[in-house]
Amino acid sequence: MINNKISAGSFAAVLALSRVFTEVSSLPWEHTEYGMQRFTAVILSFLLTGAVYIPAAAAIKHCGGESPITVIAGRSKLLSGFTGVLLSVFLLTAAAETGLRSHYYASVTVLDYAPPLYFCVTAGTALLFAVHKGLEASVRTGTIAAAIFVLLLVLIICALAGEFHTERLYPAFTDRPETLWSEVIKEFSRNSEFLIFAVLCGNVSSKALRTVPLYLGGSCLTILLMTFMYNTVFGHLTSRLMFPFYTLSSISDITLLHRLNGIDVTVWIMAGILKTALFSLSFGNIVRVCFGCSKAADIASLLFGAAALALSELFTVIPALTGTAARICGSGVPLMCAALFLPAAALLCSPKSDVRTGGAGKGTAA
Amino acid sequence: MKKLAVLLAAVMTLSGCIPHPELDRIGIAEAVGVDFDGSVYTVTVQFFNTDSTGGITAIDSSAPNVNISRAGGKTIESALEELSHRSGHNIMLGSASVIVFGEGALTDLRDSLDLCVSHYSSNMRAYVCAAEGSAADIMNIRFNEGNASVEKLKEMIGNSRDLGMSRPVILYEAAGKLREPTESAVLPLLRVYGSGSGDTEEGKSIIIRGGALCVCGSLPERLTEAETAGLQLLDPGSDGSGDCRVTITHRGSDIRADMFGIRSRITPSLNGDRLRIDVEISAHCKLVSTSLPDPYAAGTDMERLCGQELSERAYTALEATLKRYGADVVGLSYAIRSQSPEIWETIKDDYGEYLRNSEISVSCSVSAERFGLTG
Amino acid sequence: MLDKILENNTVTVRSVMKNSSDLILKYAKVCGIGICVISCDGQTDANKLANLVYRPLSELDLPDCTPEKLASMISGELLIACDEKPVTSPEEIVSAAMSGFCVILIDGTDTGYAVGVQGFETRSVTQPENHRNIRGAREGFVEALHINMSLVRRRVKSPDLVFTNMTVGKTSGTEITVCRMESIAERGLADEVIRRLETLPLSLVLESGFIQPFLENRNPLFTEVGATERPDVFVSKLYEGRVGVIIDGSPFALYVPKLFTENFMVLDDYTEHPLFAFFIRIVRWLAFFAAILLPGFYTALANFHPELIPDALLRDLAAAEALTPYTVLTECVILDVFYEIMREAGLRLPSNVGHAVSIVGGIVIGDIVVSAGLVGAPMLLAVAIASISGYIVSDIANQVSFMRFVYILAGGLCGLFGITIASLVFCVSACSANSYGVPFTSPLAPFSGKSMRDTFIRSSWHKLGHTDPDIYDMNGAEDDKQ
């Protein structure tokens, strides 16, 4: 398995794609609201996410570009093991949620009447192939998928240029104040890419922290642009649509193709599989660093990918379990826990010499 | 290579898992008519007749370009299933470009439209129309021209927009408007008439006459041609160009004017307890077929007369929809929210009543750009 | 080691050569001392041999001649050839003789002298068969190594261009040359190439394709080793910091590393106006995607997602398919396989017969099959466009054929979902390739903005000329340099 360094730009592109994937592939209990409040909710949630990254970024800078888990593993076996278990649980939940989203999205759109096993086997094979090929391959493929998404977005904007009814926008920050914070938290909880970044930032060739503003800025702007499109094209209908972006693409006619939703589906299924692959590779890194099992890491990544898909299937057949998991994940608590615990532990474990010279002299050379 | 082979084998092994009909077994629906008699939905579908054209051999130009099939059911889905069963084709609604609702089905379009919108393969750009009487009658008209009957119907709907008669409504727009209690939609109203021309085998044709005002959960109301024409001035729609044609009378002679670049601005305000709606319309016009000796000298008169005509049309439309039915068909709620959020907060709970009691003022400015060749 | 007795040496050489008929031993006496000139039939130029060896030897007249004096005279003054070397063992003698040298053995000495009088028949330098261009040199590599080296040297008259000769293949003893620009190519890259060539396990190397797999990194689909028939292209690759390998007996020179985007670049891009180069490059990319995706996409849409097809086109497709007895997938597979058969037949047959095959194929497919209603005309069009497009990126024509077939199966069996999964696997496979430290998919992924000036677009020479290109600019590690 290859595990070489990746560039900060590619990493940011993949994380942004993963974030937008979560936005696009809504689950049945999620829906996109029409109204100006959604802009507010998105902006606030990204500000909150940015705030969450600050301690992590400080810890990474302090530790000379190393990922927090590497620093923790270097000092305390007990804490390292605890961190590994904690992150593994979070990663598995996030990966299963991603698998569920991919499956739901595919089954509602292109797969239609195909049995669940079909998705599991084919997408699972592709997932394991991506995991087997390693981080570099997955991230580069994600960059290509992100480029296709940008192309798709441009095509959609061109095709719908005459359909943006800007009069449907109105000057209001909130129009449903009672739901604003729940929307913000829901948006915030969708940023599970934090886990990938925290675990894999040590694999970035240099200036790992550049990933954060690029990814957060890129995904925030993209989601705001998408919200703008939903509001101005669909108006009230937005709230009724299961996948508004899919519907946007399905009304985009570029003459060669009556609709663009075929490309849309292609991008998001790829993004879903790649995101799950990144979670699996993160788990492999945890096994390698936190549990010190370098030889078993590759197998662990593959098993994690398979387990995540299996768990996502379990979610589809046990609605009660899904509901509970969704409530826990949607509360943002796991993300907040990881965001607070990891940097604190890393700072605690960092060597004294690092504390004195950290940030100023060491830079982020990997 | 081994991995690729394994993946390929896995995909091929599971290939039978996705059921699909072959292209030639699909009934490509071109137009769909929905009727409802209070208990049973009747769905009539015009679907493409593969014998009529296409390919490079065995074209039978004498064959009708569409087949028509009809079936009923408790729901639209069950009616469609029955229809697929009867016709022997898997009916594919994804390319249906016109959906016509009969009078009975217009009462509450929410379920019908939701069905169309929620299906992943639906054609969100399909025109939604109302039928005067039964939708099945409209579907029974088969135009011979072209390789699809529905093309002619689409052209008619498009022409009615170009001529400023009626504004087409697209599926996703209708679904959005008829979902919200504060909004309504006016669907072009189709009527069968005996044209006596050779367009169809039966000697009948379709004409668009006025519109059906559909309000969420209420019985539809009929709007006249003048009223629907006026509405188009105020809301040219997503694919509308904001054009229309008017005929004005000046010193006893009829002059046709092509209006283009029509823009409207709606300004809401609260006048005591009443909603006041000021509408400003601006347009450019080109005068054609004028017999005036010196059309340039009469330019100001022409502009005034055209402005009056547009103002009257707009006022008639607003009076009919807002004051008579309390229905917002021109996206007024968006305008109020964007321009005066505080007014929206005041009136949103009793929006319909405010519309009924509203004061309407319409002004129009027209600039004559050029005159016709005969001038 | 050689013996001082000439007879013993010649017997040993004969036995090493197993008394092969093409071994020529010419005995003579020079100044009373016995000599033997050993050469290999067909490997030497008779004129050179006569003028450079036989005539000076026959005219030599040394008083008080001893074997040592004669040897000294021969090696120091008598022979004026461009390539001379002493040989000290029978194996060296045999190797030199088979490489076009003649070896002079002198009775009483244990050292022979090999003189380069190569003169075997070679093909003259002609226009490359596979890499043609509109504007540019009409010279292509030929089979003879030294001619190919001269073609390269003529284009780079700089001591910076370094050739390192090697011999590979235990049995074939094929000579190869590793080329690099000393100041540009990374030393580690050249060392790695030489290391791989030195450990080549093959005993027979007949063509560059024999050693290509040993320079690759076992990617199942794409090769990371470039092959070109054009000396000008080869030189430009060396100038970008790559390392090249020229193989005796092959008109294809290899270079590493090679990137995916290079498949879409040709020499003409750099001789035409940048605007046209940009246009034609975009066309090549579109052709590539059409070549791999069009039939698969068509079958996927026709089978699973007809709503994506524009209405008028859908009606035509449905009408065409209604007349055919087979499913869309079957038609597509039949056509594609039939096309591949025709292509293969056309390649291997003599050109006269090849034309006949093309005509018969055209009539059979184009007319009879469609007229008989066995295959729909739109399907034929899709496969034909894809097939023609595949040749626009001729370097990866085989990969394109394979991918097209996979996409046909994936699209026909699983629709767009299958296309997605296949695309993902191909992308991951390509992106996982690292060719000597440079990602195969760079500068696209990882993205390199600097390299974009010569990827989809080709900037003008005013811009390109400012900085020297370097392949290692594309390794996605630009951050490190900032």
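Below or above, wherever it landed, is the structure these notes cover. What you see is a predicted model, and the numbers here were worked out from it, not measured in a lab. (Residues numbered from 1 in each chain as written. Chains lettered and ligands numbered in written order. Predicted model: local features only at pLDDT ≥ 70, side-chain atom pairs only at ≥ 80, totals over all residues. Heavy atoms only, no water.)

Overview of the overall build of chain A
Counted only if it meets this: Each helix is a run of DSSP H or I of at least 4 residues and each strand a run of E of at least 2, with the numbering of both proceeding from the N terminus. Between the two quantities, the radius of gyration covers C-alpha atoms and the globule rule is 2.2 Å times the number of residues to the power 0.38. With a 1.4 Å probe rolled over the protein chains alone, any residue whose accessible area is under 20% of its type maximum counts as buried; one over 50% counts as exposed, and the rest are partly exposed. Here, residues are in contact when the closest pair of their heavy atoms is within 4.5 Å. Note on areas: Shrake-Rupley with a 1.4 Å probe; residue coverage comes only from the protein chains shown. Only four residue types enter the charge count, namely Lys and Arg as positive and Asp and Glu as negative; His and the chain termini do not. Charge positions come from single atoms, namely NZ of Lys, CZ of Arg, CG of Asp or CD of Glu.
Within chain A one finds 15 helices and zero strands. Computed over its C-alpha atoms, the radius of gyration of chain A comes to 20 Å, within 12% of the 21 Å expected for a compact globule of 366 residues. Burial statistics for chain A: of 366 residues in total, 61% are counted as buried. Restricting the contact set of chain A to residue pairs at least 6 apart, pairs at least 24 apart contribute 85%. Accessible area of chain A: about 12,600 Å², with a carbon and sulfur share of 72%. The distance from the centre of the 24 positive side-chain charges to the centre of the 19 negative ones in chain A is 13 Å.

Describing the overall build of chain C
What chain C contains, in helices and strands, is 17 helices and twelve strands. Each of the three principal axes of chain C carries a C-alpha extent, and together these read 105 × 60 × 35 Å. The contacts in chain C between residues at least 6 apart in sequence include a share of 66% that link residues at least 24 apart. Surface summary for chain C: the accessible area is close to 20,600 Å², and the carbon and sulfur share equals 60%. Of the side chains in chain C, 38 bear a positive and 55 a negative charge, and the two mean positions are spaced by 3 Å.

Re the sheet that holds strand β9 (residues 243-247) of chain C
All names here are of chain C. Worth spelling out the cut-off: In this analysis, strands are considered paired if DSSP registers two or more bridges between them. Between the N-to-C directions of two axes lies an angle of 0 to 180 degrees, each axis being a line fitted to C-alpha atoms and, for a helix, fitted only over the stretch in contact.
If you trace the five strands from one edge of the open sheet to the other, you get β6-β7-β9-β10-β8, paired in antiparallel fashion. Of all the strands in the sheet, just β6 (161-168) and β8 (226-228) have a single pairing partner and so form its edges. On average, each strand axis in the sheet is inclined to that of its neighbour by 25°, with strand direction left out of account. Pairing geometry for β9 and strand β10 (residues 253-256), over three bridges, is antiparallel. Bridge pairing in β10 places Gly244 opposite Tyr255. In the packing of helix α7 (residues 208-215) onto the sheet, contacts are made with β9 and β10, and the angle to β10 comes to roughly 10°.

With respect to the side chain of Gln46 of chain B
The test is simple: Polar contact criterion, stated in full: a pair of N or O atoms within 3.5 Å, where within protein one must be able to donate a hydrogen and the other to accept it, and residues adjacent in sequence count only if both atoms are side-chain atoms.
Relative to the elements of secondary structure, Gln46 of chain B occurs in strand β2 (residues 41-48). At 2.9 Å, the side chain of Gln46 of chain B forms a polar contact with the backbone oxygen of Ile141 of chain B.

Section: helix α2 (residues 46-59) of chain C
Residue and element names in this part refer to chain C. Using the following cut-off: Bending is quantified residue by residue as the angle between axes fitted to the seven-residue window ending at that residue and the seven-residue window starting at it.
Maximal helix bending in α2 amounts to about 25°, located at Val53; proline Pro56 follows within four positions. Every buried residue of α2 is listed here: Leu49, Val53, Pro56 and Leu57. Each element contacted by the buried residues of α2 is listed here: β1 (23-30), β2 (33-40), α3 (67-78), β4 (101-106) and β5 (112-116). If you check the start of α2, you find a side-chain oxygen 3.0 Å away from the backbone N of Asn47, and it comes from Asp45.

A closer look at the pattern of salt bridges
Residue and element names in this part refer to chain B. Heads up, the rule is: A pair is scored as a salt bridge if a Lys or Arg side-chain nitrogen falls within 4 Å of a carboxyl oxygen belonging to Asp or Glu.
Applying the stated criterion across every chain yields a total of 52 salt bridges over all chains. A salt bridge links Arg356 to Glu353, with the shortest nitrogen-to-oxygen separation between them at 3.8 Å. Taken as a pair, Arg356 and Glu353 lie in helix α11 (residues 351-356) at a separation of three residues, close to a single helical turn. Judged by relative accessible area, Glu353 falls into the partly exposed class, the value being 38%.

Re the state of the cysteines
Residue and element names in this part refer to chain C. In plain terms, the rule: Cysteine sulfur pairs qualify as disulfides if the two atoms are within 2.5 Å.
The full count for this structure, using the stated rule, is zero disulfides over all chains. Of all cysteine sulfurs, the one in Cys65 lies closest to Cys31, which takes part in no disulfide; the gap is 4.4 Å. According to the relative accessible area criterion, Cys31 is partly exposed, its value standing at 25%. The thiol of Cys102 is unpaired, and the distance to the nearest cysteine sulfur, on Cys36, comes to 10 Å. Since its relative accessible area comes to 0%, Cys102 is described here as buried.

As for the interface of chain B and chain C
Convention followed: In short, buried area is how much 1.4 Å probe accessible area vanishes from two parts on joining, totalled over both.
Each partner contributes residues to the interface: chain B has 34 residues there, and chain C has 31 residues. Carbon and sulfur atoms make up 72% of the surface buried where chain B meets chain C, a total of about 2,900 Å² over both sides. For the interface between chain B and chain C, the tally reads two salt bridges. In this structure, the salt-bridge partner of Arg315 of chain C is Glu30 of chain B, at a minimum N-O distance of 3.5 Å. Taken together, the connections running from chain B to chain C amount to three residue pairs in polar contact (both at pLDDT 80 or more). Contributing elements (two or more residues each) for the side of chain B that touches chain C: α1 (2-13), β1 (26-36) and α5 (149-162) of chain B.

Quick notes on the packing of helix α6 (residues 135-159) of chain A against helix α15 (residues 397-431) of chain C
Rules: Each angle receives one of four descriptions, namely roughly parallel if under 35 degrees, roughly antiparallel if over 145, roughly perpendicular if within 65 to 115, and oblique otherwise. By definition, turning the near helix anticlockwise from the far helix through less than a right angle yields a left-handed crossing, and turning it clockwise yields a right-handed one. Nonpolar residues are Ala, Val, Leu, Ile, Met, Phe, Trp, Tyr, Cys and Pro. Charged residues are Asp, Glu, Lys and Arg, and all others, Gly as well, are polar.
Closest axis-to-axis distance for the α6 of chain A/α15 of chain C pair is 8 Å, and the angle between their directions is 120°. Classified by the interaxial angle, the pair formed by α6 of chain A and α15 of chain C is oblique. Of the two elements, α6 of chain A crosses α15 of chain C, and the hand of that crossing is right-handed. Within the contact between the two elements, α6 of chain A uses Ala137, Arg140, Thr141 and Ile144 of chain A and α15 of chain C uses Leu424, Cys427, Val428 and Cys431 of chain C. When the residues that make up the contact of α6 of chain A with α15 of chain C are grouped by side-chain class, the tally is six nonpolar, one polar and one charged.

Observations concerning the interface of chain A and chain C
Contact with chain A, which involves 37 residues of that partner, is made by 33 residues of chain C. For the chain A and chain C pair, buried surface summed over both sides reaches about 2,900 Å², with 68% attributable to carbon and sulfur atoms. If you sort the residues of chain A by the area they bury against chain C, Phe129, Arg140 and His258 of chain A come out on top, with a joint share of 20%. For the pair chain A and chain C, the interface holds zero salt bridges. Across the chain A-chain C interface, the total number found is six residue pairs in polar contact (both at pLDDT 80 or more). For the side of chain A that touches chain C, the element with the most residues is helix α5 (residues 116-133) of chain A, which contributes eight residues.

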